[in-house]
Amino acid sequence: MCGIFGIEGHEEAANLSYYGLYALQHRGQESAGVLSWDGGRLHVERGMGHVRDVFDETTLARLRGFRSVGHTRYSTSGNSVIANAQPVVVKTCMGPLGIVHNGNLVNAAEIRERLESEGSIFQTTSDTEVILHLMARNPRRNIVESLMVALSQVRGAYSLLLLSDSCLIAARDPHGFRPLLMGRVQGKPCFASESCAFDLLEAKEERELGLGEVVVARGEEVESYQLREAEDPARCLFEQVYFARPDSNVFGDVVSEARLRMGARLAREAPADADMVVPVPDSGLFAALGYSRESGLPFEFGLIRNHYIGRTFIQPKQSIRDFGVKVKLNAVRGLLEGRRVVLVDDSIVRGTTSRKIVRMVREAGAAEVHMRIPSPPTRWPCHYGIDTPDRDELIAANQTVEEIRQHIDADSLDYLSLDGILNCANGPADSYCTACWTGEYRVGVGSGGRDQEEMFPIRMESED
Ligand code: AMP
């Protein structure tokens, strides 16, 4: 769970990365960082917390240059510490390199073990650094070739940007688990996890990177290479359910539209005898709207979210009390009192939030609470970049839907079916990764890398 942004050949490169990261803040709130290259030196600024916590005018003024990458991080691999904040920057015999990565490499631990046993010293515990070590081990005159040889050895999910002294490179894994788009700001090539970053910068979106595609940007020139034959697509459908911003276009589909379809389908699959539909903000908003439109039940803002909880929020000590979910959400008694409520949230992970929210809605006077989830039960952990707990903490891995209903104390509970959600996606059913619902992992965890020969880079096309 991370957001990445990059821009090539623009005199305001770092500033644009900073604004791009603002639009991608929802993809990671643990740390943020921007790296720039001014033709002679790298400049980097990283810190824990939100983009607003890390940068100010002074730090941004320091980030000179015409090439830049930025990152917002939510750790799925490695600890949440400043050493793991990205961009990761190293000096190699090929010159300075910086990398930002969204995804999760499933064989990073074994590669790291091998490299460490051969003498490598890692600066971080994040899986991303493995790619830089593999590059440093396989120096080539051509940096693109070095990256492609490194990528031939890693498996799993990666949408990444690599900054060097000669170019900016974007790469997407052959299954395309995570999104990555390219566009242009004032004619200069730029890359982002989601289109909402392009909207903010008034960048023109050109296209999504292909599966296994590597794009090299130098000035206004862009060249495309192919890692190897694209493999079966495995786009993460949880991006559409929860992770991406609703105003973004992800995998060729507008996220808000996908969520509306999921909510409408849920209303058909699991109707409820109720008076109103209430979203859990913000994650349940569009699915609840879809449910409301399809069912004809009014859509009401029965829960209000506090948007101002930042890094500095101090958890109250037990001596005061556990405010729990109330710090983030509060119920609107006037709307809920005596009413039968359909409550819509995108997913149930551990079940703790849902339980607290149902209780809050009941305490505000609701007569009945019918929980509806516009995705199938989350039964399996994600190995490809979404932060999910181990199976023993996933409530649906260990309990039936009826047991979960009892646990969260709802009058009824229903999830959208797997067929239902695949029907709401705009691509063929087998082009999505559904491992968190089905346990069908497209890339095995911990398996070895590929032969380097298999991956010798092939120049595919050139455009300006
Ligand atoms: P819980 O069931 O208490 O674990 O939390 C469910 C809530 O967490 C829902 O409101 C979801 O929007 C949200 N959620 C779902 N997936 C994730 C995730 N990977 N990381 C953080 N929050 C999530």
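As a starting point, this report considers the structure included with it. (Residues numbered from 1 in each chain as written. Predicted model: local features only at pLDDT ≥ 70, side-chain atom pairs only at ≥ 80, totals over all residues. Heavy atoms only, no water.)

Before going further, it helps to spend a moment on the overall build of the protein. The number of helices and strands found in the protein is 16 helices and 24 strands. At 23 Å, the protein has a C-alpha radius of gyration in line with the 23 Å of a compact globule built from 464 residues. Counting only C-alpha atoms, the protein reaches 70 × 45 × 45 Å along its principal axes. Buried residues in the protein amount to 57% of all 464 residues. When contacts within the protein are restricted to residue pairs at least 6 apart in sequence, those whose partners lie at least 24 apart make up 70%. Surface summary for the protein: the accessible area is close to 18,800 Å², and the carbon and sulfur share equals 47%. Positive and negative side-chain charges of the protein, numbering 51 and 65 respectively, have mean locations separated by a distance of 4 Å. (Helix = DSSP H or I, 4+ residues; strand = E, 2+ residues; numbered from the N terminus. Rg over C-alpha atoms; globule rule 2.2 N^0.38 Å. Buried < 20%, exposed > 50% of the residue type's maximum accessible area, 1.4 Å probe, protein only. Contact = heavy atoms within 4.5 Å. Areas by Shrake-Rupley, 256 points an atom, 1.4 Å probe, with all protein chains shown as cover. Lys, Arg positive; Asp, Glu negative; His and termini not counted. Charge placed at Lys NZ, Arg CZ, Asp CG, Glu CD.)

On the surface, a nonpolar cluster with roughly 310 Å² of combined accessible area is contributed by Y19, Y22 and L200. When its relative accessible area of 47% is taken as the criterion, L200 is described as partly exposed. (Patch = residues over 30% accessible without salt bridge, like charges linked within 9 Å, V, L, I, M, F, W, Y side chains within 5 Å. Salt bridge = Lys/Arg side-chain N within 4 Å of Asp/Glu carboxyl O.)

To continue, consider helix α10 (residues 285-295). Those residues of α10 not exposed but buried are A287, A288, G290, Y291 and S292. Looking at the buried positions of α10, the neighbouring elements they touch are α9 (255-269), β17 (276-279), β20 (340-344) and β21 (368-373).

A separate point is empty space enclosed by the protein. Counted by the stated rule, this structure contains two cavities of 30 Å³ or more. When its volume is computed, the largest cavity comes out at roughly 120 Å³. Counted by class, the lining of the largest cavity contains nine nonpolar, three polar and one charged residues. (1 Å grid on protein atoms, 1.4 Å probe; cavity = no way out; pocket = protein on both sides within 12 Å on 5 of 7 lines; lining within 4 Å. Points joined across faces, edges and corners; volume = space filled by probe spheres on them. Nonpolar A, V, L, I, M, F, W, Y, C, P; charged D, E, K, R; others polar.)

Let's shift gears to the site of the ligand. Taken together, 16 residues form the shell around the ligand, and within it D345, D346, R350, T353 and D387 come nearest. Between D345 and the ligand, the recorded distance is 2.5 Å, taken from a side-chain N or O atom to an oxygen atom. The separation between an oxygen atom of the ligand and a polar main-chain atom of T353 is 2.5 Å. For the shell around the ligand, the secondary structure elements donating two or more residues are α8 (237-243) and α12 (352-363). Tallied by class, residues from the shell around the ligand come to seven nonpolar, five polar and four charged. (Near = heavy atom within 4 Å. Polar contact = N/O pair within 3.5 Å; in protein donor to acceptor, adjacent residues only side chain to side chain.)

The values reported here are purely geometric and, on their own, carry no functional implication.
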